[in-house]
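Residue-level listing of the chains:
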Amino acid sequence: MDLYFDPVPLLGDTREVFLGKWSEREWLNVPGPFYGAQTDNCGTGRLQAPGLVLYEAEYFSEYVYRQPRTPEELRQLIDAAEEEPFSSYGCDGDAHWTPAAVREWWRDRGRITEYLADRRSDWEAYDASAGQGVAAAARQYAAYLDGELASHLRVYLFWLEERRSPTDADRLPML
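Everything in this summary refers to the structure shown in the same document.

**Observations concerning the packing of aromatic side chains**
So, step 1. One pass over the full model with this rule turns up 9 aromatic pairs.
So, step 2. An angle of 35° between the planes, with centres 5.9 Å apart, marks the rings of tyrosine 4 and tyrosine 156 as tilted. On the criterion of sequence distance, the pair formed by tyrosine 4 in the segment before strand S1 (35–36) and tyrosine 156 in helix H7 (residues 149–162) is long-range, its members being 152 residues apart. An identical accessibility class is assigned to tyrosine 4 and tyrosine 156; each is buried.

**Quick look at the layout of surface pockets**
So, step 1. Counted as a void, the largest pocket has a volume near 250 Å³.
So, step 2. Forming the boundary of the largest pocket are Arg25, Glu26, Trp27, Asn29, Trp97, Ala101, Glu104, Trp105, Asp108, Arg111 and Ile112.
So, step 3. Looking at the lining of the largest pocket, the elements that each hand over two or more residues are helix H3 (99–107) and helix H4 (109–118).
So, step 4. Per element, the largest residue contribution to the lining of the largest pocket is 3 residues, and it comes from H3.
So, step 5. A breakdown of the residues in the lining of the largest pocket according to their chemical character gives 5 nonpolar, 1 polar and 5 charged.

**Topic: the environment of isoleucine 78**
So, step 1. Checked against the element boundaries, isoleucine 78 lands in helix H2 (residues 71–83).
So, step 2. A relative accessible area of 4% places isoleucine 78 in the buried class.
So, step 3. Taking the C-alpha atoms as reference points, isoleucine 78 and leucine 3, 75 residues apart in sequence, are found 21 Å from one another.
So, step 4. Residues in contact with isoleucine 78, not counting those within four places in the same chain, are Leu11, Thr14 and Phe18.

**Points about the pattern of salt bridges**
Charged atoms that come close allow side chains of opposite charge to pair.
So, step 1. For the structure on display, the rule yields 6 salt bridges.
So, step 2. Salt-bridge contacts for arginine 75 lead to aspartate 79; the nearest nitrogen and oxygen are separated by 2.9 Å. You can see arginine 75 and its partner aspartate 79 sitting in helix H2, 4 residues apart, about one turn around the helix.
So, step 3. Accessibility expressed as a relative area gives 23% for aspartate 79, which makes it partly exposed.
So, step 4. One network of salt bridges, with partners in common, ties together Arg75, Asp79 and Glu82.

About the cut-offs
Residues numbered from 1 in each chain as written. Predicted model: local features only at pLDDT ≥ 70, side-chain atom pairs only at ≥ 80, totals over all residues. Heavy atoms only, no water. Phe/Tyr/Trp six-rings, centres within 6.5 Å; stacked < 30°, edge-to-face > 60°. Helix = DSSP H or I, 4+ residues; strand = E, 2+ residues; numbered from the N terminus. Buried < 20%, exposed > 50% of the residue type's maximum accessible area, 1.4 Å probe, protein only. 1 Å grid on protein atoms, 1.4 Å probe; cavity = no way out; pocket = protein on both sides within 12 Å on 5 of 7 lines; lining within 4 Å. Points joined across faces, edges and corners; volume = space filled by probe spheres on them. Nonpolar A, V, L, I, M, F, W, Y, C, P; charged D, E, K, R; others polar. Contact = heavy atoms within 4.5 Å. Salt bridge = Lys/Arg side-chain N within 4 Å of Asp/Glu carboxyl O.

Laid out in structure tokens, this is it:
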């Protein structure tokens, strides 16, 4: 069983760079404490956190497609947030996500899969000029949606309900 990595207490003073507003978050963000909300389109997020950040296709604003699961990944996301000139990453997702909202997001994930497939040519064109591997990351996000994300979200649901990481004796909630 996966343990829940609670990154928020590790933020310390860097919390001040996470000024994103929940009401402005990109709908493509994966449930969890972090999200991108109307970020700039400078294309810096993937340079700092390539395994966590992706760009939406229309305005290339940044969103979190995988929540950090280690201190090193958290450092990468902090670096991405620090590079974002509008300070539009948020770290208060835990205050807004509810088990019902996570389940609703999960039920609607087909919309994300479709979006990722439909925008493939946009990212390939971007990669031709910027070389950031955005098209490959979009494929990774789609694979994550079809693979281990379900397990990660069940652990996150447990954490939302209990505010602790599950043990082997705990039963994880269903999505």
